[in-house]
Amino acid sequence: MATTALRPAATYRTGLYEWLTTTDHKKIGILYTFNSLILFLVGGIFALAVRTELAQPGLQFMTEATYNQMFTMHASVMIFWVVIPFLAGFGNYLVPLMIGAPDMAFPRINALSFWLLPLSAVIALMGFPLGGAAAEGWTSYSPLAQAKFSTGPGTDLWIVALTLVGTSSILGAINFLVTIFKMRAPGMTLFRMPVFVWTTMVTSVLVLMGTPVLTSALIMLYIDRNLGGSFFNTALAGGNAILWENVFWFYSHPAVYIMILPAMGIVSEVIPTFSRKPLFGYKAFVFATAGIGALGFSVWAHHMFTTGSVYLPFFSLMTFLIAVPTGVKMFNWVATLFRGKIRFTTAMLFAVGFLSLFLIGGINGAFLAAVPVDYQVHATYFIVAHIHYVLFGGSIMGIFAGLYYWWPKMFGRKLNEGLGKIHFVGIFIGMNLTFFPMHLLGISGMPRRIADYSATAGWNDLNLLATIGGFTIAAAMLPFLWNIFVTLRGGEPAGDDPWEGNTLEWATSSPPPPYNFDHLPPIRSERPVFDQRHANDAPALTAGH
Amino acid sequence: MGLTAKRWARRAGVVAALGALAVLLSACSDFSLRNAVPPDAASVQGQASRNIYDIVFVIGAAVFFLVEGLILFAVVRYRRRAGDDELPPQIHGNNRLEIIWTAIPIAIVLALFVLSWQTLNTVDARTPTPPVRIGVVAYQWQWEFVYAPEGVAWQDCGAPVNKGKCVTVFGTLPAGGDRSNWTPPTMHVPVNETVELQLHSTDVIHSFYVPAFLFQRDITPRKDQVIQFTADRIGIYRGQCTQFCGLYHQFMEFQVKVESKVDYVAWLQQELTPPPAPSAAPPSPSGPAGSPAASSAP
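These notes cover the structure that comes with them. (Residues numbered from 1 in each chain as written. Chains lettered and ligands numbered in written order. Predicted model: local features only at pLDDT ≥ 70, side-chain atom pairs only at ≥ 80, totals over all residues. Heavy atoms only, no water.)

## Focus on the environment of Thr63(A)
Residues and elements named next belong to chain A.
Consideration 1: Structurally, the position occupied by threonine 63 is in the loop between helix 2 (25-54) and helix 3 (64-98).
Consideration 2: Overall, the relative accessible area of 43% leaves threonine 63 in the partly exposed class.
Consideration 3: Separated by 389 residues in sequence, threonine 63 and aspartate 452 place their C-alpha atoms 9.9 Å apart.
Consideration 4: Reaching out from threonine 63, the side chain makes a polar contact with the side chain of threonine 66 at a distance of 3.1 Å. (Helix = DSSP H or I, 4+ residues; strand = E, 2+ residues; numbered from the N terminus. Buried < 20%, exposed > 50% of the residue type's maximum accessible area, 1.4 Å probe, protein only. Polar contact = N/O pair within 3.5 Å; in protein donor to acceptor, adjacent residues only side chain to side chain.)

## With respect to the interface of chain B and chain A
Consideration 1: Listed as interface residues are 97 residues of chain B and, on the opposing side, 115 residues of chain A.
Consideration 2: Summed over both sides, the interface of chain B with chain A buries roughly 8800 Å², with 68% coming from carbon and sulfur.
Consideration 3: Linking Lys341(A) and Asp84(B) is a salt bridge whose minimum nitrogen-to-oxygen distance equals 3.1 Å.
Consideration 4: Secondary structure elements with two or more residues in the side of chain B that touches chain A: helix 1 (2-27), helix 2 (44-77), helix 3 (95-123), strand 7 (215-219) and strand 9 (235-241) of chain B.
Consideration 5: Residue composition of the side of chain B that touches chain A, by class: 57 nonpolar, 22 polar and 18 charged. (Contact = heavy atoms within 4.5 Å. Buried area = accessible area lost by both parts, 1.4 Å probe. Salt bridge = Lys/Arg side-chain N within 4 Å of Asp/Glu carboxyl O. Nonpolar A, V, L, I, M, F, W, Y, C, P; charged D, E, K, R; others polar.)

## Considering the packing of aromatic side chains
Residues and elements named next belong to chain A.
Consideration 1: Under the counting rule described, the total for this entry stands at 68 aromatic pairs over all chains.
Consideration 2: Ring geometry for phenylalanine 350 against phenylalanine 424: centres 5.1 Å apart, planes inclined by 85°, an arrangement best described as edge-to-face. In this pair, phenylalanine 350 is assigned in helix 11 (residues 346-369) and phenylalanine 424 in helix 14 (residues 417-443), connecting sequence segments 74 residues apart.
Consideration 3: The exposure class of phenylalanine 350 is buried, given its relative accessible area of 0%.
Consideration 4: Here the aromatic cluster, defined as three or more aromatic residues joined through ring pairs, consists of Phe80, Trp81, Trp138, Phe231, Phe232, Trp244, Phe248 and Trp249.
Consideration 5: We note lysine 27 situated over the ring of tryptophan 19; from NZ or CZ to the ring centre the distance is 5.8 Å. (Phe/Tyr/Trp six-rings, centres within 6.5 Å; stacked < 30°, edge-to-face > 60°. Lys NZ or Arg CZ within 6 Å of the ring centre and 35° of its normal.)

## Remarks on the sheet that holds strand 6 (residues 206-210) of chain B
Residues and elements named next belong to chain B.
Consideration 1: Taken in spatial order, the 5 strands of this open sheet run 4-10-9-6-7, and their pairing is mixed. At either end of the open sheet lies a strand with only one pairing partner, and these are strand 4 (186-190) and strand 7. Going across the sheet, the axis of each strand differs from the next one's by a mean of 25°, ignoring polarity.
Consideration 2: As judged from the 5 bridges shared by strand 6 and strand 7, these two strands associate in the antiparallel manner. By the bridge assignment, serine 207 is partnered in strand 7 with aspartate 218. (Pairing = 2+ DSSP bridges. Axes fitted to C-alpha atoms, helices over the stretch in contact; angles between N-to-C directions.)

Functional significance is not addressed by these values, which are geometric in nature.
Below is the structure:
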């Protein structure tokens, strides 16, 4: 059925030099994946440091100075070097395959986008040996981030590193948009594109509109710190601390959608495949994605409700409204499950885990849209719970679903399903143990970003529970890493189309040849491979589109 | 294969849940179900916030149980049985359903928006003549509460002409970082009277947060804030800075003591009577020297 007549692996791995110089989108995608995975472990170690210190009242393991670096670098690494690049890596690997293109539009720029990431990660982490990494929180609010209050090289290194990440994102977004608009195969109309490609497209628009704002703001902050500027420095005339919050969140709120939309795209590929049904309401889903993208730029100031410098009704209304397209997606996913024939592969377990956990991240987000409730729980552990149900329960679950789903395509071998299920169960339980208690800590008033707390505040048990959960997540990563190790050394051969997939990447070999396709199946719907597989079935089965 | 894996996963889940529960119960020292809801409001505004919280919570819980229920039902009911290789019906969508599940959430969020906006107007309401005005100065990493007499702005308490007229409560950091013998600074306020806080920061952004008032407000340098509240329950309530403000952010705690008008006036009188009362300790060495409030020490 697929084009296995090609020689798939003969020239595929030609040593380190090839990996360092490649412009093949698939190899770059794999580089993104492994770079993100390594930094996921680094960011995870920072998170464990935070949870270990908070397990009991009293400072047992580190000073405030170390603690502040740990939570700052945990968030920075996870956001800028794990979730965003992980999803960009899936985009790199999948978008050309899914639209039937031989590569990205600008392969060398693509390589540059990737190589800026490990470089910038090293720069940001260099703060540790050079006297202390950034320690102002990933939000780096001014004037705390000014030279007077944040001495040492960590903050400047962080600024430089993030400027490079921003550049990488902008280049990547241009590359995705040109690829999607100019390089689709004949027959691949916009409304036949896989939903993952749609989400990557909308994400790229968000990146293109938002990231230059943050990157400029970072340069302004650098000028403030080192060259006597007064953009955000309230110690000088004209410096405005609220300005930083506005420009920072103008990017960093859409960044949440940058981090969730492609994960939604992954789940929207996995659920139909393993339900053996098309995605329910494909067009509604596309419009909902576009709606989130559009509304995403009108809600940034909900991070600033407590500043007293925001026109509250507007941002409150828009924040409530953005729940609607997300809800539409949720109902469409659930409707896709209905009357399906669901196979519980590990990828599907993570996708269903995404649904059940991201739902919580959506609901507790609605609490925060109500300004009086936000007055109560803003900057407490409730926020920490919320963002982790979105970014861990949503993005990371989606990423794991994608890894199990496309690993066979990337390497020609399946990840072990037994180990995968242990991984899923451990992650699901550990995730809830860690982050659910944080809701309760938040509403009982525990601020985030504190290195220690009073033993009499009533927070001891819940913090201990969250720490146990954190180590459960860490333990659950071990079977996953072992799984990667054994699979790369010789896992179960996958074949071209192990899951009975719907989209074009399953129409080529696993792994695909450098130019992706020898020939393409006809593209007459959003499921060309499904159509080809069932071309001779009774017409009643495939009709309807 | 799918079935055995499911059974296996379920068994592992039960074991892990029981284990977690056992650990939880054996270690339980200060958790109670009371933590599952916000604190009882100690202010009129806080009660209004609590009411809207409860409404959002009920709607959120309903949505949670509905959708999780649908997910659970679907994955149990529509799992693929062994040997079943038939394609299910290929349903591509249903416009009527899309309209329904777009319109109903819009109606819900609009209702929540209107309700929360009304509450916001209660919470943010101000009277031009509050009976009590207190200057609140936040700095790395403590608080000062300045009580100026009628007709004197708290910022002017340091002026020689106002010597002896103002009361200032200074916070200090706990010695050696040990909280056990440390009392955070206490702000005294009378019960059932509108209190106005004039919030000022001398260095970085801080945030004034009292969980029992269900309220916080950032204190941004150069953007002084004015907030009002009416405490309606006598007691001592915990407060803390919620905006990360640097190295010793964790120690920016304070207390609000809500007391009867008589007790409040007595306290103020006692503080005004020389020699200075013990609570008027010298400013913390980490406080910025020369800040307007720091120089107002009696």
